[in-house]
Structure formats: structure tokens, C-alpha cells
Amino acid sequence: MDKKRILVTGSKGQLGSELRVLSEGANWNFFFVDIDTLDITDENAVETFFIDKKINYCINCAAYTAVDQAENNQEAAYKVNVIGAEVLAKVTEKTNSVLFHISTDFVFGGEKLIPYNETDQTSPLSVYGKTKLEGEKAIEQNTKRYYIIRTAWLYSSFGNNFVKTMLNLAKTRDSLGIVVDQVGTPTYAKDLAQVILTIIEHDKEEYGVLHFSNEGVASWYDFAKTIFNIKDVKIEVKPISTFEYPTPAKRPQYSVMDKSKIKNTFNISIPYWQDSLINCLSLIES
Ligand SMILES: NC(=O)C1=CN([C@@H]2O[C@H](COP(=O)(O)OP(=O)(O)OC[C@H]3O[C@@H](n4cnc5c(N)ncnc54)[C@H](OP(=O)(O)O)[C@@H]3O)[C@@H](O)[C@H]2O)C=CC1
Ligand SMILES: Cc1cn([C@H]2C[C@H](O)[C@@H](COP(=O)(O)OP(=O)(O)O[C@H]3O[C@@H](C)C(=O)[C@@H](O)[C@H]3O)O2)c(=O)[nH]c1=O
């Protein structure tokens, strides 16, 4: 069989960067692009790229991910998260390739008390969440060969994320208030990247929506406390309510995801979030 030819869009972000590192150990042809080399909203450019490079898998890591800014930049968020997803779906369908698209726990409303599974009712609270949900729908309507992987609270030694925000704030602050009443699961982007490559390797063609995060449950407060404990940073962290930390975008109170489907279908085990956090923090200077 021909060697796999894998396009990674939005490759300068967290997930794309982790895929680049892992790709060095895989015997496949990878093509890493970002908005400066391939804008996913430009259908002609995307189609030409797929045909010229004979792409058979696309991992879409491109997105508008600034949750609060999206509230006042709806058009920009819609363009990447919906139009971009639709373009990739149309082109993968036309070229008989497979699309991996990444979505978010923020498609849920957060009203449940037990983990969300793939068929649970969505009801996003923010512009970011709404555009990500519309992006999912655009994919489902435009291609048969897709994996939509919903993940949560991504961090990495690459790019921007909550871990780096905490370590940066600790340089100038003696004390931080962090919300304790929003609960989810921190996820190391490297673990997600590894799972995507495992799915490609098995090539089981069991398409659809999947949930993936690390194992376990945490509030943002737990996440922050654990970052500082692991890094031995001395700072006071106060548990506060969402009400005490007003933000432009509303976030779900509970967005833990049920990962049974991805674990059973692809026979994977998932690392516990604190173990992965230790691994990632060993790569970040504080
Ligand atoms: N970050 C998180 O906590 C979570 C993320 N996700 C999802 O996971 C995926 C990966 O997220 P993450 O790695 O954090 O994302 P990042 O924000 O780190 O990276 C996204 C990349 O996409 C690029 N990009 C933006 N617009 C376009 C475009 N039109 N064409 C091509 N590239 C573009 C960005 O460039 P530039 O920086 O120049 O805009 C950036 O390099 C996204 O789909 C996101 O919605 C899901 C749950 C949690
Ligand atoms: C900086 C800071 C944040 N917070 C709160 C605000 C918010 O509720 C929570 C997380 O804040 P952030 O803005 O860093 O994270 P946020 O951008 O909301 O993270 C989300 O990003 C998108 C892309 C996703 O898809 C989600 O899964 C999720 O990871 O922490 C505090 O309570 N105190 C603080 O000092």
C-alpha cells in the first residue's frame, strides 16, 4: 500500500506542534502548514494542495481558540471554525481522503453531573463553542470519512495555554484567585496527538464523533494548584467562584467527557491528567 500522506493544518499551534515532534518517529509523509502557507478558508488553495501533494489524511489543528475575544469577533471565529471546517470536509470528500477535526468540551452547556458522551445534547454557551459546534455540523454534512475528536483544556510546552498563563502570572503576583466551580479535565496535547496517530495507524474506518481528554477530573483551581505544586512555585492560590471572575464568554460548569468509545474502539489506555502534566512541565521553564 502507498505510504500515508498526512496534511497537518494550523500546525504552529499546540496540537500541530506536538504532531510535528511525533511525526519524526513515524514512517509517513507529513505536510505541516499554517495560515501563512495554507489558509483553510481558501477552498481553491486547499483543493490544489490536496491534489498536488496526493493527501490521504488531513489533521485539522487550525482554529480560532481565543474564547473571550471571540465574543466580540464573531465573524473571525466563524470564518475559521465553520467555513474552514466546511472547506476541509468538501475537499476531503472530493479527494477520497480522511479528515480528523478537533472540537471541544465547550459545545456542552455544563448542566450534567456525570461525564458527557458523544450523543449527549449540545448547548454551547459561548461564540467559540457555537462556532465549533457549527463546524462539526459542516463536517458531518459534507463528508463521510471524518473523525471529530472533542477534547478539553489542552496544554503543551508549545503555544499558549493555562499552564503558561499560570507560570507567567506567578512571576509578578503573590496571590491568584482561580475558579473552583468549573470542572473538566486538563489534556496534554501530546497525548491527543499520539491517539490521532494511533487511529491513523489502525485505519479502522470507524468514523464519527469521539471524546478524548486525559483521565480524571479537576477544577481550574485544582489545575493551578497542581501546576504550582509540581513546579514548587510558592504562591497563594485562592478558590473563587465564576461570579467572582467575570469573563466576556460564559464557560460550562461541568464538561468532563466520557471516553469509553475511543478507548474501546481503538483499544487505548489514557494517561491520568496529573501524570501527563508532570511530563509536560518537565519541558517548561518556570
Ligand atoms: N486550546 C484548547 O484548550 C482546546 C482546543 N481545542 C481544539 O483543538 C484544536 C487545536 O487547538 P490548539 O492547538 O490549542 O490551537 P492553537 O490556537 O494553538 O493553534 C491554532 C493554529 O491555527 C492557526 N490558524 C488560525 N486561522 C487559520 C486559518 N484560517 N488557516 C490555517 N491556520 C489557521 C493559528 O494561527 P494564528 O495563531 O496565527 O491565528 C494557530 O497556529 C482546535 O480545533 C481547538 O478548537 C479543543 C479543546 C481545548
Ligand atoms: C487567568 C485566570 C483564569 N481564570 C479562569 C477563567 C476561566 O474560567 C478558566 C480558564 O481560563 P482560560 O481563559 O485560560 O482558558 P480557556 O481559554 O477558557 O480554555 C478553553 O479554551 C478553549 C479553546 C477550549 O476549547 C476549552 O476546552 C478550554 O481549554 O480559568 C481564573 O479564575 N483566574 C485567573 O487568574
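Residues numbered from 1 in each chain as written. Chains lettered and ligands numbered in written order. Predicted model: local features only at pLDDT ≥ 70, side-chain atom pairs only at ≥ 80, totals over all residues. Heavy atoms only, no water.

In the nomenclature of an unreviewed UniProt entry, the protein is known as dTDP-4-dehydrorhamnose reductase of Flammeovirga agarivorans. Quoted verbatim from the Pathway (unreviewed entry) field of UniProt, the annotation for the protein is "Carbohydrate biosynthesis; dTDP-L-rhamnose biosynthesis." For the record of the protein, the UniProt heading Sequence similarities (unreviewed entry) holds the text "Belongs to the dTDP-4-dehydrorhamnose reductase family." (UniProt positions renumbered as here; feature names shortened; annotations may be inferred.)

### Topic: the confidence of the model for the protein
Residues of the protein with pLDDT of at least 70 account for 99%, and the chain-wide mean is 97. Predicted as a complex, the structure gets a pTM of 0.98 and an ipTM equal to 0.99. (pLDDT = per-residue confidence, 0-100.)

### Let's talk about the pattern of salt bridges
When charged atoms on two side chains of opposite charge get close, those side chains can pair. Taken as a whole, this structure holds twelve salt bridges when the rule is applied. A salt bridge links Lys263 to Glu215, with the nearest nitrogen and oxygen atoms 2.7 Å apart. Here the residue Lys263 occupies a position in helix 9 (residues 260-266), and Glu215 occupies one in the loop between strand 10 (208-211) and strand 11 (218-219), the gap between them amounting to 48 residues. Lys263 gets classed as partly exposed once you look at its relative accessible area, which sits at 26%. Of the charged contacts, one joins Lys234 and Asp232 as a salt bridge, the two residues approaching to 2.7 Å between their closest N and O atoms. Each member of the pair, Lys234 together with Asp232, is exposed. A single salt-bridge network, built from bridges that share partners, covers Glu93, Lys144 and Arg145. (Salt bridge = Lys/Arg side-chain N within 4 Å of Asp/Glu carboxyl O. Helix = DSSP H or I, 4+ residues; strand = E, 2+ residues; numbered from the N terminus. Buried < 20%, exposed > 50% of the residue type's maximum accessible area, 1.4 Å probe, protein only.)

### With respect to the packing of helix 6 (residues 162-169) against helix 8 (residues 220-231)
Where helix 6 contacts helix 8, the two axes come as close as 10 Å, and the packing angle between them is 60°. If you check the angle between helix 6 and helix 8, you find them oblique. For the pair helix 6 and helix 8, the sense of crossing is right-handed. In this structure, helix 6 uses Phe162, Val163, Met166 and Leu167 to contact helix 8, whose residues at the interface are Trp220, Phe223, Ala224, Ile227, Phe228 and Lys231. Among the residues forming the contact of helix 6 with helix 8, the class breakdown is nine nonpolar, no polar and one charged. (Axes fitted to C-alpha atoms, helices over the stretch in contact; angles between N-to-C directions. Parallel < 35°, antiparallel > 145°, perpendicular 65-115°, else oblique. Left-handed = near helix turned anticlockwise from the far one by under 90°. Contact = heavy atoms within 4.5 Å. Nonpolar A, V, L, I, M, F, W, Y, C, P; charged D, E, K, R; others polar.)

### Comments concerning the nonpolar core
In this structure, Val163, Ile178, Phe223, Ile227 and Phe228 are the most contacted members of the largest nonpolar core, which totals 36 residues. For this core, the elements supplying multiple residues, two or more each, are helix 3 (67-70), helix 5 (127-142), helix 6, strand 7 (175-179), helix 8, strand 12 (236-240) and helix 10 (273-281). Ranked by the residues each element gives to this core, the list is headed by helix 8, at six residues. With residues up to four places along the chain from it excluded, the contact list for Ile227 reads Phe162, Val163, Met166, Leu167, Leu277 and Leu281. Core analysis: the second largest hydrophobic core is formed by 29 residues, Leu15, Leu19, Ile200 and Phe212 among them. (Core = buried A, V, L, I, M, F, W, Y, C linked by side-chain atoms within 4.5 Å.)

### Observations concerning helix 6
Three or more residues of helix 6 are buried, namely Phe162, Val163, Met166 and Leu167. All buried residues of helix 6 lie within an arc of 135° about the axis, which places them on one face of the element. In this structure, the buried side of helix 6 is in contact with strand 6 (154-155), strand 7, helix 8 and helix 10. The residue sitting at the N-terminus of helix 6 and contributing the capping side-chain oxygen is Asn161; that oxygen lies 3.1 Å from the backbone nitrogen of Val163. (Arc of directions from axis to C-beta. Polar contact = N/O pair within 3.5 Å; in protein donor to acceptor, adjacent residues only side chain to side chain.)

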